[in-house]
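# Coordinate analysis (summary)
Residue strings, one per chain:
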Amino acid sequence: MDNAKDLFGYDSLAFFGKVNASISHELKNVMAIISETAGLLGDLSDMASTGTPIEPDMLKSCTNSIIEEIQRGFLTIRQMNRFAHSTDSPAEAVNLMDVLDLTINLSGYLSFSGKVCLNPCKNVSPTVSTCPFLLQAIVYQAMVYAFKTTGPGAEITISLQARDDGGWRILFSGFSGSEFQVFPDVATSAMATSIGVAIRFDKTDDRLVLDVPLAIESTTNPSVAPGI
Amino acid sequence: MKVLLVDDEQKFALMLAKRLELRGIQSVVFFSGEKALETVEQGNHFAVAILDVKMPGIGGVELKRRLSALDPRMKFVFLTGHGSKIEDTTGANEAADCLPKPLRIDELIATLKRLTEGPPETSNSKH
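Along each chain, residue indices are assigned from 1 in the same order as the chain's sequence is written. The naming scheme follows written order: chains are lettered A onward, ligands numbered 1 onward. Owing to the predicted nature of the model, reporting of local features is limited to residues with pLDDT of at least 70; listing and counting of side-chain atom pairs is limited to 80 or more, with chain, interface and lining totals taken over all residues.

Looking now at the overall build of chain B. Of the regular secondary structure elements, chain B holds five helices and five strands. Along chain B, from the amino end to the carboxyl end, the secondary structure elements read β-α-β-α-β-α-β-α-β-α. In this scheme the burial state of a residue depends on its C-beta neighbours within 10 Å: 20 or more other such atoms mean buried, 12 or fewer mean exposed, and anything in between means partly exposed; the C-beta positions come from the backbone. The burial tally for chain B puts 36% of its 127 residues in the buried class. We call two residues in contact if the C-beta atoms placed from their backbones are at most 7 Å apart. Long-range pairs, those at least 24 residues apart, make up 60% of the contacts in chain B between residues at least 6 apart in sequence. In DSSP terms, a helix is any run of H or I states spanning at least four residues, a strand is any run of E spanning at least two, and both are numbered starting from the N terminus.

Written as structure tokens, this is what we have:
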């Protein structure tokens, strides 16, 4: 746990900043659409005041657009709030599905994001005691490298698998192996080590594997295998 | 005036196109740089291209470079949703005609007019 606390330093701050920048970009797009739609409504009002007939469908389309964008904005703010609260504690009991769901949503705000599918974990709650913020940083970084390597058409499937020791395995399909020439980088490796997460590439099935221990304290000597 | 409008935020692009249309400016909208490039490669000419800076695939700055190579007469206006300094994303050379989102339509119209009509002539101008 002390290692996790120590890593709430520059690298973590940089990750926090990157995610917040992407969220602010998303919110600015939402505001831009609302602004343009309101502007169009203003244009239509001006036309109506000079006697030009206005189609009711156009007005309905504008109001629907504003409602949809406000909902999109609220959803984005909710993700932002969840992300901000992930720094509340260096270690806590977390449901891995929640962590993965949030991280996938956050990665969706990247301009170069691809498609990510999270397979459901039926009839079981994949809970571990870990640092949610650092685990998010590791998963996020893995997705960033996959998107950058594959391009806009990237498709990743994430699933969970229980381990015999009570921990969980996060499996990422859709990796080509090229990502592992650059992933994990030094900062990500250090974060993984601090919370006992082992990163490796499964060549047989072309997938990234993150082994997450049941608890940070139960980790004795976590291994990080940074290459193919 | 016919403009090329490229932005991956589809609703934003369509709303803006409608507002331009109400002001007598015809725009052809694309949601990706790749598709916009295709239409210019096919020989279509636009007086001005309005480009979002951040887009998946070909971003605005790269798109400008490629469009300029295809049609050197084309002028450009960048749109950015980024909070960072414009120079950081587009480079100092392009910064002059970069407008932040949310847009002020009058500012965009004035920029389009300036780009297509050129600077106002002065009494001292040479002929």
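That covers the picture; the talk isn't over yet.
Here the focus is the packing of helix α2 (residues 33-41) of chain B against helix α3 (residues 60-70) of chain B. Residues and elements named next belong to chain B. The contact between α2 and α3 brings their axes to 10 Å, and the two run at 5°. Taken together, the axis directions place α2 and α3 in an arrangement best described as roughly parallel. Along its contact with α2, which presents G33, A36, L37, V40 and E41, the element α3 presents L63, R66, L67 and L70. Counted by class, the contact of α2 with α3 contains six nonpolar, one polar and two charged residues. Convention adopted: a line fitted to C-alpha atoms gives each axis, helices being fitted over their contacting stretch, and angles between N-to-C directions are expressed from 0 to 180 degrees. What sets the label is the angle itself: under 35 degrees gives roughly parallel, over 145 gives roughly antiparallel, 65 to 115 gives roughly perpendicular, and the rest give oblique. Classes in brief: Ala, Val, Leu, Ile, Met, Phe, Trp, Tyr, Cys and Pro nonpolar; Asp, Glu, Lys and Arg charged; the others, Gly included, polar.

Successive side chains on a regular strand alternate, one facing one side of the sheet and the next facing the other. All names here are of chain B. Across the five residues of strand β1 (residues 2-6), four count as buried, placing the element largely inside the fold. Strands are labelled as partners when DSSP assigns at least two bridges between them. Where β1 lies against strand β2 (residues 26-30), five bridges are found, and the strand directions are parallel. Bridging from a neighbouring strand, L4 pairs with V28 of β2. Seen with its strands pointing away from the viewer, a crossover is right-handed when the path leading from the first strand over the helix to the second is clockwise. On the question of chirality, the crossover connecting β1 to the parallel β2 by way of helix α1 (residues 10-22) is right-handed.

Helix span is expected to be 1.5 Å times the residue number reduced by one. Between the first and last C-alpha of helix α5 (residues 132-150) of chain A there are 27 Å, a value that for 19 residues agrees with the 27 Å anticipated at 1.5 Å per step. Extensive coverage of α5(A) is indicated by the burial of 15 of its 19 residues.

The subject of this paragraph is the domain arrangement of chain A. All names here are of chain A. With domains assigned, chain A is organised as domain 1 (10-85) and domain 2 (91-218). Each domain's extent was defined by an automatic or database domain assignment. Placing a centre on the C-alpha atoms of domain 1 and another on those of domain 2 gives a separation of 31 Å. Across the boundary between the two partners, domain 1 contributes eleven residues, which contact nine residues of domain 2. The set of elements that each furnish at least two residues to the side of domain 1 that touches domain 2 consists of α2 (10-49) and α3 (56-85). Looking at the side of domain 1 that touches domain 2 element by element, the count peaks at eight residues for α2. Here the residues of the side of domain 1 that touches domain 2 sort into four nonpolar, four polar and three charged.

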